[in-house]
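Each chain is listed here by its residues.
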Amino acid sequence: MNGFINPYTFIPVSEGRKQNYEAYFTQPLLSGKISCTLTTRTQIAVCDKVGDRDFDFFQVDGKAIIMGSSLRGTIRSIYEALTDSCFSSTNAEDEDYFSSRLNKKQCGLIEHTEDGYILHLAKRYKDKYNTQLGSYRTGDVVSFSSYTNKAGTIYYFELKENAPQKGYVHKVDRLMKSKDSIFEKTGQSVTLPERSIRLLEENIFNTIKNELRYAPKDKQIAEDYLSQFRKMKDGKGLLPVWYYQKGQRYYFAPSQMSRAIFYHQPVDFLKKINLNPCNQQENICDACALFGIVRKSDTSGSFAKASRIRFSDAVCEDTNCFDKKFTLPILASPRLSSFEFYLKSEEESYCADDGGVSIAGRKYYWHHNDDPRKIKSDAQNKEGNNMDARVQLVKPDSVFHFEVYFERIPDDALQKLLFALTLGENTADSNHCHKIGHGKPIGLGSAKITVDSVKIRTFSDGIYQEEEYSWNPAQLRNAFANQQNVDNVLKVTNFNAVNGKDIQYPTTEPEGGNIFKWFAQNRDGIKSIGKPMKYYHKPPSLND
């Protein structure tokens, strides 16, 4: 599949703009209320779980509700893109990682000593018939003799008491339908950086969490491996591992063909361009100053700034707005292993740890306008499998009302907020729309927000007053320092941007096929020991 419109694209990023928190509030400050109308352009899904994989649209007293927190998140993401603000939703701790399945040729044994972590290079011996290690656990020490196949290329073991060879049991490869093994020290060793051990620990947790969904019968094997890892950290045993080495970096994994976690994390790429999540008073972005922030601080225990805006819930008074329930296809969480989507490089072959690699941008889903009154046929109500979900939707042209309250913000921040709400066009038939709720990849969630009124409130000399705020939608974009950001946001929020094109995840066949197989065929890195991924097709950029 040479060309495709992926359900999402990336808004290009520039160097982040940050300054001292107080610098945002030197102008006269305004307080008041923005009254808004939200009109759905497609069906939308805001889920409230009522059973196993069964969701109603969220409602209160029989009325459809879009929570204020959902609206706030939608508007904040647009505001961040417009103002070169930080990626506030990115985890600033060691929890978000790039990873990939890579073939690891070398095996070893990790030991924790007083001098640090030591990698003992090892030689692998296979259990030819997978029958000898049934009662053993990973890390157990055994005696054995060895032999090879006729070509002398594969080494096997035979357990024998008091045999001259000593080795360590390795069983986790059974998760990949491989054979149990014994690893024997070769006599060579190297000292490891501690970070490689932290990444291995994360990889083991991911193995248990993800792989066992497909191989629950091997749960005990994986848990035994984690137990041996903990013993190794306590200096009470050796841990068999597979790895490949690139320079001073070691990439460890429980299995030869399982995932390797890369040293560079999403937050590392963001730090290079000052877009990492804010955590200091002296260096805070426009969005965090307005929407608020709670983070761990670089210099103290925590860092927090209260939000200066508040979103009410959006309520639809028409109880006939509810559509029937649909069985939606599997909608997985974002997979950072898809380097060709989340990262960019001028090279054909690259991974997260290569030079010249940068973050692709801010993720945003395209609108689907081929038929706004129904979701695509492959997502309509049908006999579902055990990973699909039945979801009640709200119909297109449903009208919701909500308010945004602002407290002590400067005039330029109010104009930026109004643009983020209306996208510069304050009419219900505008082509510039937001995406809200679940099911964005299959075309759900398109909605237009218009502002009905903006009231400025004052309280002086014991007198409370409200007055209308005068504003011009066409001039709001002038409040932004980076006009290219405005152009990019308007392009991706245009309801007709990909008019007439088939929007779908890439598959192996023009009329559908296996998504996962497409990703496998798009890469040849798994065939090359320790080499970066080569990508045959990359998604087009926003400006292609």
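Parameters and conventions
- The written sequence of each chain sets the order in which its residues are numbered from 1.
- In view of the model being predicted, local features appear only for residues whose pLDDT reaches at least 70, and side-chain atom pairs are presented and counted only at 80 or more, with totals across whole chains, interfaces and linings using the full set of residues.
- The side-chain figures draw on all heavy atoms in the structure; neither hydrogens nor water molecules are used.
- To get an axis, a line is fitted to the C-alpha atoms, and for a helix only the part in contact is used. The angle between two axes follows their N-to-C directions and goes from 0 to 180 degrees.
- In this description a helix means any DSSP run of H or I spanning at least four residues, a strand means any run of E spanning at least two, and both kinds are numbered starting from the N terminus.
- Roughly parallel means an angle under 35 degrees; roughly antiparallel means over 145; roughly perpendicular covers 65 to 115; every other angle is labelled oblique.
- We call two residues contacting when some pair of their heavy atoms lies within 4.5 Å.
- Gly falls in the polar group here, along with every residue not listed as nonpolar (Ala, Val, Leu, Ile, Met, Phe, Trp, Tyr, Cys, Pro) or charged (Asp, Glu, Lys, Arg).
- Any residue under 20% of the maximum accessible area for its type is buried, any over 50% is exposed, and the rest in between are partly exposed; the area is computed with a 1.4 Å probe on protein chains only.
- Polar contact is the term for a pair of N or O atoms within 3.5 Å; when the atoms are in protein, one must be able to donate a hydrogen and the other to accept it, and sequence-neighboring residues count only if both atoms are side-chain atoms.
- As used here, the term nonpolar core means buried Ala, Val, Leu, Ile, Met, Phe, Trp, Tyr and Cys residues forming a set that is joined through side-chain atoms within 4.5 Å.
- Between any two strands, pairing holds if DSSP finds at least two bridges.
- When the centres of two rings from Phe, Tyr and Trp lie within 6.5 Å, Trp using its six-membered ring, the rings pair. Their planes under 30 degrees apart give stacked, over 60 give edge-to-face, and anything left gives tilted.
- In this scheme, Lys NZ or Arg CZ marks a charge over a ring once it lies within 6 Å of the ring centre and within 35 degrees of the ring normal.
- What a helix should span is 1.5 Å times the count of its residues minus one.
- Definitions for this section: a left-handed crossing has its near helix turned counterclockwise from the far helix by less than a right angle. A right-handed crossing has that turn clockwise.

Trainee: Mind laying out the packing of helix α1 (residues 68-82) against helix α8 (residues 483-492), listing which residues take part and the relevant values?
Mentor: Across the interface, α1 lies against α8 with an axial gap of 8 Å and an inter-helix angle of 140 degrees. For the element pair α1 / α8, the angle class is oblique. Contacts from I78, A81 and L82 in α1 reach N485, V486 and V489 in α8. A per-class count over the contact of α1 with α8 returns five nonpolar, one polar and no charged.

Trainee: Describe the environment of Q415, naming the residues involved and giving the relevant values.
Mentor: Looking at the secondary structure, you find Q415 in helix α7 (residues 411-422). On the basis of relative accessibility, which here comes to 22%, the residue Q415 falls in the partly exposed class. A C-alpha to C-alpha distance of 9.2 Å links Q415 and F480, two positions 65 residues apart in sequence. Those residues in contact with Q415 that sit more than four places away from it in its chain are Y469, L476 and A479. In terms of polar contacts, Q415 uses its side chain to reach the side chain of D411, at 2.6 Å.

Trainee: Now, about the nonpolar core: what can you tell me, with residues and values included?
Mentor: In terms of nonpolar packing, the biggest core is built from 68 residues, with I34, I66, F400, F402, L414 and L421 touching the most fellow members. A per-element tally of this core places α7 first, with seven residues. Discounting chain neighbours no more than four positions away, the residues touching L421 are I34, C36, I75, F311, F402, V404, H434, I449 and V451. Counting 44 residues, the second-largest nonpolar core is a separate cluster that includes L192, Y251, F341 and Y365.

Trainee: I'd like to hear about the pairing of strand β14 (residues 181-191), residue by residue, with values.
Mentor: As paired elements, strand β10 (residues 116-126) and β14 share eight bridges and run antiparallel to each other. Within the sheet, the bridge partner assigned to K123 lies in β14 and is E184. Across three bridges, strand β13 (residues 165-170) lies against β14 in antiparallel orientation. From the neighbouring strand, H170 faces β14, where its bridge partner is S181.

Trainee: Tell me what's going on with the packing of aromatic side chains, and back it up with residues and numbers.
Mentor: Tallying each qualifying case throughout the model produces 21 aromatic pairs. With a centroid separation of 6.0 Å and 45 degrees between ring planes, the pair formed by Y243 and Y250 is classed as tilted. Aromatic pair Y243 and F252: ring centres 5.7 Å apart, planes at 55 degrees, arrangement tilted. Like F252, Y243 is buried. Among the aromatic residues, those joined into a ring-pair cluster are Y8, F10, Y342 and Y365. One Lys or Arg, K123, reaches over the ring of Y155 and ends 3.7 Å from the middle of that ring. Lying across the ring of F25, R308 places its NZ or CZ 3.6 Å from the centre.

Trainee: Tell me about α7, and name the residues and values.
Mentor: Because each turn of an α-helix spans 3.6 residues, side chains separated by three or four positions end up pointing in the same direction. Relative to the 16 Å expected for 12 residues at 1.5 Å per residue, α7 spans 17 Å between its end C-alpha atoms, a close match to the ideal helical length. With nine of 12 residues buried, α7 is to be regarded as a mostly interior element. Restricting attention to buried positions, one finds in α7 the residues A413, L414, K416, L417, L418, F419, A420, L421 and T422. Positive backbone phi, at 55 degrees, marks L423, one or two positions downstream of α7.

Trainee: Tell me about unusual backbone geometry, residues and numbers included.
Mentor: One can expect most non-glycine residues to show negative phi and most peptide bonds to be in trans. Residues other than glycine seldom take positive phi values, yet R408 does so here, at roughly 55 degrees. Inspection of the secondary structure puts R408 in strand β28 (residues 399-410). Since its relative accessible area comes to 47%, R408 is described here as partly exposed. Phi angles above zero are rare outside glycine, and L423 is one such case at about 55 degrees. Its place among the elements puts L423 in the loop between α7 and β29 (434-435).

Trainee: Give a description of the packing of α1 against α7 that names residues and reports values.
Mentor: In the contact formed by α1 and α7, the axes pass within 9 Å of each other and the chain directions differ by 120 degrees. Taken together, the axis directions place α1 and α7 in an arrangement best described as oblique. As for how α1 packs across α7, the hand of that crossing is right-handed. Taken together, the residues of α7 that come into contact with α1 (itself represented by I75, I78, Y79 and L82) are A413, K416, L417, F419, A420 and L421.

Trainee: Please set out the pairing of β13 residue by residue, giving values where relevant.
Mentor: Among the six residues that make up β13, five are buried, leaving the element largely enclosed by the rest of the structure. In this sheet, β13 lies alongside strand β11 (residues 141-148) in antiparallel orientation, the contact comprising four bridges. Of the residues in β13, the one forming a bridge with F144 is Q165.

Trainee: I'd like to hear about the sheet that holds strand β4 (residues 47-51), residue by residue, with values.
Mentor: Across the sheet, four strands lie side by side as β4-β5-β27-β23; this open sheet has mixed pairing. Two strands close off the open sheet at either side, each with one partner strand: β4 and β23 (322-328). Averaged over neighbouring strand pairs, the angle between their axes works out to 25 degrees when direction is ignored. Relative to strand β27 (residues 389-394), strand β5 (residues 54-57) runs parallel, the two being bridged by two bridges. Each bridged residue has a counterpart across the sheet, and for F55 the counterpart in β27 is V391.

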